[in-house]
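Now for the letters of each chain:
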Amino acid sequence: MNKIDLVAEVSRILGDLLLEGTIDSASGSGIADTDIIFPNAGQLRGKEVFIHTGVGASQSRVIATYPGIGTISVTPSFSPVPTVGDRYFLFDRFRWSDIRGALDSAIRRAREIHLIDGMGTLSLVATQWEYAVPSGLRFIHSLRVVPSGNTDFELDDTWPIERYAWAVKTNPNGSRVISFDPRFIDVADMEDDIVQVLGHRKPNDMAVATVESEIPENFLINHAAAILCMRRLGEGAEWIERYKYFRGESLRN
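What you are looking at is a predicted structure, and each value in this text was computed from that prediction instead of being measured.

Quick notes on the rules
Residues numbered from 1 in each chain as written. Predicted model: local features only at pLDDT ≥ 70, side-chain atom pairs only at ≥ 80, totals over all residues. Heavy atoms only, no water. Core = buried A, V, L, I, M, F, W, Y, C linked by side-chain atoms within 4.5 Å. Buried < 20%, exposed > 50% of the residue type's maximum accessible area, 1.4 Å probe, protein only. Helix = DSSP H or I, 4+ residues; strand = E, 2+ residues; numbered from the N terminus. Patch = residues over 30% accessible without salt bridge, like charges linked within 9 Å, V, L, I, M, F, W, Y side chains within 5 Å. Areas by Shrake-Rupley, 256 points an atom, 1.4 Å probe, with all protein chains shown as cover. Salt bridge = Lys/Arg side-chain N within 4 Å of Asp/Glu carboxyl O. Pairing = 2+ DSSP bridges. Axes fitted to C-alpha atoms, helices over the stretch in contact; angles between N-to-C directions. Expected span 1.5 Å × (residues − 1). Contact = heavy atoms within 4.5 Å. Phe/Tyr/Trp six-rings, centres within 6.5 Å; stacked < 30°, edge-to-face > 60°.

Student: How would you sum up the nonpolar core? Please name residues and give values.
Tutor: One finds V10, L14, F89, F91 and L220 to be the most contacted residues of the largest nonpolar core, which totals 31 residues. Every element with two or more residues in this core is listed here: α1 (3–13), β7 (87–91), α2 (96–113), α3 (217–230) and α4 (237–252). Looking at which element gives the most residues to this core, the answer is α3, with nine residues. I140, A165, F180 and I185 belong to the second-largest nonpolar core, a separate cluster that totals 18 residues.

In C-alpha cells form, the structure reads like this:
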C-alpha cells in the first residue's frame, strides 16, 4: 500500500470514511458525483473532501453545503479546478492532515525499530583498503565478490569474503568505512571486481504519497488508528475501547 491507500484504510477501520468517489464534473466551488447520496441536506456541512488523485490532487476543502443528491460545494474554492476522473475521499470526524500526521508518526516509529534487507556495491581498487559504507545501510552482515565482468549477483556465481578479513570502522567525523585487513586479503587480486554489501537498512519514509510502504502495513494502520483514537479519549468510553484495541494490535504487529 502507498500512503493514500493507508489513509483510506485507517479512516475505514475508524468508520470515518464516508465516501471514496470519482468526480463526474467540477468547478472551483464544488464537485458533482452521482455517488454522493446522503439522507439529510445538512449532513455533510463541515465535513472534509480531499482530492487525492488527478489534476486537483492534494487539495482538502471543507464542505460548505450539500444542496442535493450528487453535488457538494466547498470553501475555499479549488485551485486548480479538479477534472472528470479525479478521485477523492469524504471524511467525517478526522481531517486528511490528522490521518496523514498519525501515519507519519507511525512511520517514524517503525523506522526507529525496524530494519529491512538492504544491499549496496563496492568497486575494488588495487591500492585502496577502505571504502565508504554504501548509502542507507545501517548494518552489514556479509560481503560477497562478483567476478569481474559478471552481472549475475546470484549466490552461486559469487563467493564470500571471510568475516575476519574486513571490519566496519567509524572515522572521527562520524562517517563509516569498510576496512579490509591486508593480513588476510589482497584487494589487488580482486581489482575491478564488484563486492556485494549485504545487510539491513531503514525502510523508506514514504515522503512521496504514491511510494509503496516497506513497513508492515498492519503496524502502520493500527498504530495510526491508536493515535487518532487517543486524541478523542475525553469524548467517551467508545474511544477508550477503540484506543485499547488498536494499541494492542500495533504492539502485536
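Student: Got a sec to walk through a nonpolar patch on the surface? Specific residues and values, please.
Tutor: On the surface, a cluster of nonpolar side chains totalling about 230 Å² of accessible area is made up of M230, L233 and I240. Note that M230 resides in helix α3. On the basis of relative accessibility, which here comes to 44%, the residue M230 falls in the partly exposed class.

Student: Could you give me a rundown of the pairing of β7, with the residues and numbers involved?
Tutor: Counting buried positions along β7 gives four out of five residues, so the element sits mostly inside the fold. Pairing of strand β1 (residues 17–22) with β7, which is carried by five bridges, proceeds in the antiparallel orientation. The partner of T22 across the bridge, within β7, is R87. Pairing between strand β4 (residues 48–53) and β7: five bridges, direction antiparallel. Bridge pairing links T53 to R87 in β7.

Student: Go over the sheet that holds strand β9 (residues 130–132) with me, naming the residues and quoting the values.
Tutor: By definition, the strands of a sheet pair up through backbone hydrogen bonds, in either a parallel or an antiparallel sense. Read from one edge of the open sheet, three strands run β9-β13-β12, paired in antiparallel fashion. Lying at the two open borders of the sheet, with one neighbouring strand each, are β9 and β12 (166–170). Each strand of the sheet is rotated relative to its neighbour by a mean of 30°, with strand direction disregarded. Strand direction decides the pairing type here: β9 and strand β13 (residues 176–180), joined by three bridges, are antiparallel. Following the sheet pairing, Y131 is matched in β13 by I178.

Student: With reference to specific residues and values, describe α4.
Tutor: Look at α4: 23 Å from first C-alpha to last across 16 residues, which is about the 22 Å you get at 1.5 Å a residue. Considered for burial, the residues of α4 that qualify are W239, F246, G248, E249 and S250. If you follow the buried residues of α4, they end up packed against α1 and α3.

Student: Would you mind going over the packing of aromatic side chains in detail, with residue names and values included?
Tutor: Considering all chains together, one arrives at seven aromatic pairs under this definition. Their ring planes at 10° and their centres at 3.8 Å tell us that F50 and W96 sit as a pair that is stacked. Separated by 46 residues along the polypeptide, F50 in strand β4 and W96 in helix α2 bring together distant segments of the chain. Across the pair, W96 and F50 agree in class, each one buried.

Student: Please set out the pairing of β12 residue by residue, giving values where relevant.
Tutor: Bridge analysis of β12 against β13 gives five bridges, and the strand direction is antiparallel. Across the sheet, the residue bridging to V168 is I178, located in β13. Where β12 folds back onto β13 in an antiparallel hairpin, the turn is made up of five residues, including G174, whose phi is positive at roughly 95°.

Student: So, the pattern of salt bridges: which residues are in play, and what are the values?
Tutor: For the structure on display, the rule yields 12 salt bridges. One salt bridge in this structure joins D104 and K3, with 2.7 Å as the shortest N-O distance. One end of the pair, D104, is in helix α2; the other, K3, is in helix α1, with 101 residues separating them in the sequence. Of the residues examined, D104 reaches a relative accessible area of 21% and is grouped as partly exposed. With a shortest N-O distance of 3.1 Å, R232 and E235 are connected by a salt bridge. A relative accessible area of 16% means that R232 is categorised as buried.

Student: An account of the environment of R232 is needed here, citing residue identities and associated values.
Tutor: Assignment of secondary structure puts R232 in the loop between α3 and α4. Expressed as a C-alpha distance, the spacing of R232 and Y243, which sit 11 residues apart in the sequence, is 9.1 Å.

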